[in-house]
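# Examining the three-dimensional arrangement
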Amino acid sequence: MATHAARKRDNPRAHTYFSPDVETMPRKQLQRLQFERLRRVLHHAYANVPHYRRSFEAAKVSPFELRGLGDLRRFPFTAKADLRDNYPFGLFAVPREALIRLHASSGTTGKPTVVGYTATDLANWALLMARSLFAAGVRPGDIVHNAYGYGLFTGGLGAHDGAQRLGCTVVPASGGGTERQVTLIKDFGASVLCATPSYALNIAEVAERMGVDLRRSPLRVGLFGAEPWSDGLRRTLESRLGIKAIDVYGLSEIMGPGVAIECHEAQAGLHGWEDHFLFEIIDPESGEPRDIGETGELVITTLTKEALPMIRYRTRDITRLTDEPCRCGRTHLRLRRITGRSDDMLIVRGVNVYPSQIEATLVGLPGIAPYYQVVVERSGALDHVTLEVEADAAVDVEDEAARRSLGAAVAHHLKSQLGISCDVAVKRPGEVPRSEGKAVRVRDLRPKSPS
Ligand code: DLL
């Protein structure tokens, strides 16, 4: 076997990739690898998880009958409810003693979603996150300021392990204490910032208020994810922090951060790591498969997970796939920017809209700062939507007429860009809550249904 060093010499582009052999693997070969791994994971799930055995049998499918990757479509979906129904450890495919880490998501209703990892799972996660950081332009020796929350959330420890695996110096800052974060970024000379995009914006604002110009610091790359965001916000973060802002995607049920990442060469769609995951797009209503290029709900099957194999997991995230060749040379297909979760879609007087689309139209509007919240109330049988935006410091918000005309301009813009009509409330600078993790974009004040 050729040593890594020898391969690097033979392949002049090797320095572009963390795992060159896999990231540029011809698709036919990649699909053969996927098929072998898929067969293994289906057998593993069937043999070790009663839920899968029951659901496969109910759908009259068997891992023994898998002839090609296309046969996966005959297998049933897995949903978040399956995790909840098997709370806490019912979906694990290994004895509890083989788990060396648990994470959990808070869950808005009832029980949290619990996920677990074997030693091999954690090693794979660190590898994929290291690969993701590398694709984003991070290199060994970089100082990585990690402002994703540490704890049950997968963001903090996921980015941490990956950055360490790559050989970076990690600063485990976690979320909050923003002034101190700014001081640490400046004093340590961080070259990489990991945070949710909304928290990165908060950091940028606090730095400016403190008189710290991060554009003149060594900060070079931002890895932003865990929530939907827009290209408008990307441009804002890039110019205010003096960085390249990279979109990173993941979810705890599948692994955590590092399932897919934009390459720094193209910043156009997120390469999904297909040697570890199979991606499908379905119609969110009917569950029918959709073709490459069509928008729909992302469904993921894990190919290598030991503790928590996920077969056709319905992510609820809306995106589309592309297999067009990428400038960077990676052959793994790309997910387009995730617009939002199907459950977060708002219906504003009959028009469907995601908060990230509202954000995209707001960022850069004169007089408006990039902070917003959508407030949904019930009036009679109809939903009533108010968009709360924030005036920037240049606007005299005490001048009622100026404030009203700014609100009217935003409402007009939303109508022409997105086709939605809603009330706009212009808030004073600092009045819209700032994020320290995942931003709350929607305040739903409608009475809860009794379910
Ligand atoms: O948010 C994992 C993560 C941490 C990803 C840090 C990226 C960076 P969960 O808390 O389980 O895991 O939430 C997963 O967040 O289903 C999406 O709805 C959303 N999400 C994650 N990344 C993105 C992104 C982490 N880049 C849920 N764009 C997912 C849009 C995202 N939405």
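Since the model is a prediction, treat every value here as computed from it, not as a measurement. (Residues numbered from 1 in each chain as written. Predicted model: local features only at pLDDT ≥ 70, side-chain atom pairs only at ≥ 80, totals over all residues. Heavy atoms only, no water.)

So, about the site of the ligand. Residues in close proximity to the ligand total 20 residues, the closest being D247, V248, S252, D317 and K438. Within the backbone of P228, a nitrogen or oxygen atom sits 3.5 Å from a nitrogen atom of the ligand. A distance of 2.8 Å separates a nitrogen atom of the ligand from a polar atom in the side chain of D247. Coverage of the ligand by the protein chains reaches 93% of its 610 Å² of free accessible surface. (Near = heavy atom within 4 Å. Polar contact = N/O pair within 3.5 Å; in protein donor to acceptor, adjacent residues only side chain to side chain. Areas by Shrake-Rupley, 256 points an atom, 1.4 Å probe, with all protein chains shown as cover.)

Each assigned domain of the protein is listed here: domain 1 (13-342) and domain 2 (345-444). Relative to domain 2, the C-alpha centre of domain 1 lies at a distance of 30 Å. Tallying the contact residues gives 25 residues for domain 1 and 16 residues for domain 2. Carbon and sulfur atoms make up 51% of the area that domain 1 and domain 2 hide from each other, which totals about 1600 Å². Of all residues in domain 1, the largest losses of buried area upon contact with domain 2 belong to E205, S230 and T339, amounting jointly to 24% of the total for that side. Summed over the shared surface of domain 1 and domain 2, the number is one salt bridge. The partner of R434 in a salt bridge is E205, with the nearest N and O atoms 2.8 Å apart. Taken together, domain 1 and domain 2 are joined by twelve residue pairs in polar contact (both at pLDDT 80 or more). For the side of domain 1 that touches domain 2, the elements supplying multiple residues, two or more each, are α9 (197-210), α10 (231-241) and β16 (340-341). The leading source of residues in the side of domain 1 that touches domain 2 is α9, at five residues. (Domains from an automatic or database assignment. Contact = heavy atoms within 4.5 Å. Buried area = accessible area lost by both parts, 1.4 Å probe. Salt bridge = Lys/Arg side-chain N within 4 Å of Asp/Glu carboxyl O. Helix = DSSP H or I, 4+ residues; strand = E, 2+ residues; numbered from the N terminus.)

Over the atoms, a rolling probe the size of a water molecule traces out where space has been left empty. In the structure shown here, the tally under the stated rule is three cavities of 30 Å³ or more. Here the largest cavity is characterised by a volume of approximately 70 Å³. Forming the boundary of the largest cavity are Y117, D121, N124, W125, L128, I254, M255, H276, F277, T304 and K305. For the lining of the largest cavity, the leading source of residues is helix α6 (residues 119-135), giving four residues. Classifying every residue of the lining of the largest cavity gives six nonpolar, three polar and two charged. (1 Å grid on protein atoms, 1.4 Å probe; cavity = no way out; pocket = protein on both sides within 12 Å on 5 of 7 lines; lining within 4 Å. Points joined across faces, edges and corners; volume = space filled by probe spheres on them. Nonpolar A, V, L, I, M, F, W, Y, C, P; charged D, E, K, R; others polar.)

Following Y87, the chain continues into P88 via a peptide bond in cis, with omega recorded as -10 degrees. Summarising the element assignment, P88 is placed in the loop between α5 (80-85) and β1 (101-105). For K60, which is not glycine, the phi dihedral falls at a positive 55 degrees. Turning to its location among the elements, K60 is positioned in the loop between α4 (50-58) and α5. The phi angle at R349 is positive, at roughly 40 degrees, despite the residue not being glycine. Mapped onto the elements of the fold, R349 is located in the loop between β17 (346-348) and β18 (351-353). Overall, R349 belongs to the exposed group, its relative accessible area being 56%. (Buried < 20%, exposed > 50% of the residue type's maximum accessible area, 1.4 Å probe, protein only.)

What follows is about the pattern of salt bridges. Where charged atoms from two side chains of opposite charge approach closely, those side chains can pair. On inspection of all chains with the given rule, the structure shows 34 salt bridges. With a shortest N-O distance of 3.2 Å, E388 and R443 are connected by a salt bridge. In this pair, E388 is assigned in strand β20 (residues 382-391) and R443 in strand β22 (residues 442-444), connecting sequence segments 55 residues apart. Overall, the relative accessible area of 30% leaves R443 in the partly exposed class. Between R428 and E398 there is a salt bridge, with its nearest N and O atoms 2.9 Å apart. A residue pair is termed long-range when its members are at least 10 positions apart, and R428 in the loop between β21 (423-427) and β22 and E398 in the loop between β20 and α12 (400-418) qualify at 30 residues. For E398, a relative accessible area of 54% translates into the label exposed. Beyond isolated ion pairs, a larger network of salt bridges with shared partners links E23, R131, E265, D275 and R330.

Across three bridges, the pairing between strand β3 (residues 143-146) and strand β4 (residues 169-171) is parallel. Across the sheet, the residue bridging to I143 is T169, located in β4. Crossover β3 to β4 through helix α7 (residues 154-166) is right-handed. Inspection of the sheet shows β3 paired to strand β5 (residues 192-195) by three bridges, in the parallel sense. Residue pairing for β5: N146 is matched across the bridge by C194. (Pairing = 2+ DSSP bridges. Right-handed = clockwise from strand over helix to strand, strands pointing away.)

Another point: the environment of V348. Structurally, the position occupied by V348 is in strand β17. Overall, the relative accessible area of 3% leaves V348 in the buried class. Sequence separation of V348 and D383 is 35 residues, and the distance between their C-alpha atoms is 7.4 Å. Not counting the four nearest positions on each side in its chain, V348 is found in contact with V353, V385, I420, S421 and C422.

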